[in-house]
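# A closer look at the structure
Residues per chain are reported as follows:
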Amino acid sequence: MRLNRSLLVGALSVTAVLATPAAALAAAPQSTPQAAPQAAPPSLYQSSPADSLRRLDHRSDLRIGTAVNTDALAADPAYARIAAQQFDAVTPENVMKWEVVEPTRGTYDWAAADRLVDVAHANKQRVRGHTLVWHSQLPAWLQATITSTTDAAGNQVDTSSLPASELKALLKKHVQDEVGHFKGRIWQWDVVNEALNEDGTPRQDIWYQAWGGTGYIADAFRWAHEADPKANLFYNDYNIEYTGPKSNAALALAQQLKAQHVPIDGVGFQTHLDTQYGFPDLQANLQRFADLKLFVAETEIDVRSTLPVTADVQAKQTSYWTQTLQACLAVRRCISYTVWGFGDAYSWVPGVFAGEGAANLYDEELAPKPQYTALQDVLRTTRAQRRVGSGGGWA
Ligand code: XIL
């Protein structure tokens, strides 16, 4: 088992941050949706350079994606150009999360997410929907009902004052309405996000409590499949890149869901890496999920380091980036590789991991870093060998 103590500490700090709504919200740069009708989005992708990531991977069936910050997309032309030219898939960094789409109970605001999907499709990009069932970034009206404690093992336990029957109805409506709203327009949905603790036990969030167990996971996949049978449905989590209790538990969960004929199509590995920890046995972990006949994806890649970055650390970051892409390319059922934003100025890392940053492919001025060139090199040398189809009704 390679899950060493320092990794665990890093992981727990992520858990703590994501489990703290105030902190998560404070870090959220883009929760104000745009209401006014918009002109047809410009199509920028035709001018993609031949050595762009999306064109270099053109002959393999791997999509190279990025998370998109919709505020930056609207305000920063250089950001919009890179997003369109370099990537052929996008994930909304925040605007499909429950807190954004239903800020007032019973009233939806899809404006920002609709706009993102329009821009993506104008640029011939597929969309990863993110995320339907999560313990974090819940709407304030729901978060206000939750009290958090910690159990003997140090894991967070969330309890809502709403009755279980009401929570179940709320989650069902949320999943059905959101997937239904975007029906036919989403390639992959992260249906359930981060349902496991670092020790492999199920996260005791309000959904676990309402169902009295993990039954909410199967229900959510079934509801999502009914609402959009063509979408590829994913379970998504972090630190499952490493072999250890958490990835073992995720594998057992995936096996159980398959055995119950739950419509799960894939598992997403967030891949938020930090050069102070060893590089994970990522390829082996992707492969053992792929062996279950699931698709796999790297869904939120970034590689952070303590600032300022020395030459040695820079080289280590570049090596980590190279290895993340090589791992995906080595696993036939790895169908998407998504970076969690591309410019250091827009990264979530400095706001969450004190003293750390430089986690992306482009610097603060949106100039490409050696990490970017390294990915080009990997794509040049390994493209054109793979063809497994990308699943669902998607060609
Ligand atoms: C992060 C966003 O990047 C931030 O802007 C926001 O404030 C908090 O959420 N795992 C996930 C992502 O699944 O949704 C998180 O995104 C990062 C960790």
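You'll find the structure just up there.
Residues numbered from 1 in each chain as written. Predicted model: local features only at pLDDT ≥ 70, side-chain atom pairs only at ≥ 80, totals over all residues. Heavy atoms only, no water.

### Topic: the overall build of the protein
The condition is simple: To qualify as a helix, a DSSP run of H or I must reach at least 4 residues; to qualify as a strand, a run of E must reach at least 2; elements of each kind are numbered from the N terminus. Think of it in three bands: with a 1.4 Å probe and only protein chains considered, a residue is buried below 20% of the maximum accessible area for its type, exposed above 50%, and partly exposed in between. The contact criterion used is simple: two residues touch if any of their non-hydrogen atoms lie within 4.5 Å. With residues, only the protein chains shown are counted as cover, and all accessible areas are computed by Shrake-Rupley using a 1.4 Å probe.
Assigned secondary structure in the protein consists of 16 helices and 12 strands. For the protein, buried positions account for 58% of its 395 residues. Partitioning the contacts of the protein with sequence separation of at least 6, the portion at a separation of at least 24 is 79%. As displayed, the protein offers around 14,800 Å² of accessible surface, 54% of which is attributable to carbon and sulfur atoms.

### Remarks on the environment of Ser347
Inclusion rule: Identification of polar contacts relies on pairs of N or O atoms within 3.5 Å, with a donor-acceptor requirement for protein atoms, meaning one able to donate a hydrogen and the other able to accept it, and with residues adjacent in sequence counted only if both atoms are side-chain atoms.
Note on placement: Ser347 falls in the loop between β11 (334–339) and α15 (349–352). Exposure remark for Ser347: the relative accessible area of 15% places this residue in the buried category. With sequence-adjacent residues up to four places away left out, Ser347 is seen in contact with Ala359 and Asn360. A distance of 3.0 Å separates a polar atom in the side chain of Ser347 from the backbone nitrogen of Val349.

### Some details on the nonpolar core
Threshold: Among buried residues, the Ala, Val, Leu, Ile, Met, Phe, Trp, Tyr and Cys ones that are joined through side-chain atoms within 4.5 Å form a nonpolar core.
Leu142, Trp189, Val192, Trp207, Phe221 and Tyr337 are the most contacted members of the largest nonpolar core, which has 102 residues in total. Per-element tally for this core: the top contributor is helix α11 (residues 215–227), with 8 residues. Counting residues in hydrophobic clusters, the runner-up holds 7 residues, among them Ala67, Val349, Val352 and Ala359.

### A closer look at the state of the cysteines
Quick reminder of the rule: By disulfide we mean two sulfur atoms from cysteines, separated by a distance within 2.5 Å.
Applying the stated criterion across every chain, the model contains 1 disulfide. What pairs with Cys328 in a disulfide is Cys334, and their sulfur atoms sit 2.0 Å apart. For the disulfide bridge between Cys328 and Cys334, the dihedral angle about the S-S bond is near -100°, and by the sign convention the bridge is left-handed. With relative accessibility at 0%, the residue Cys334 sits in the buried group.

### Considerations on the pairing of strand β2 (residues 89–92)
Put simply, the rule reads: Pairing between strands is defined by DSSP: at least two bridges between the two strands are required.
Every second residue of β2 is oriented toward a common face, with Ala89 and Thr91 on one face and Val90 and Pro92 on the other, all of them buried. Both strand β1 (residues 63–68) and β2 contribute to a ladder of 4 bridges, which runs parallel. For Val68, the partnering residue across the bridge sits in β2 and is Pro92. For β2 and strand β3 (residues 126–133), the ladder comprises 2 bridges, and the chain directions are parallel. Bridged to Ala89 within β3 is Arg126.

None of the figures reported here should be taken as evidence of function without further support.
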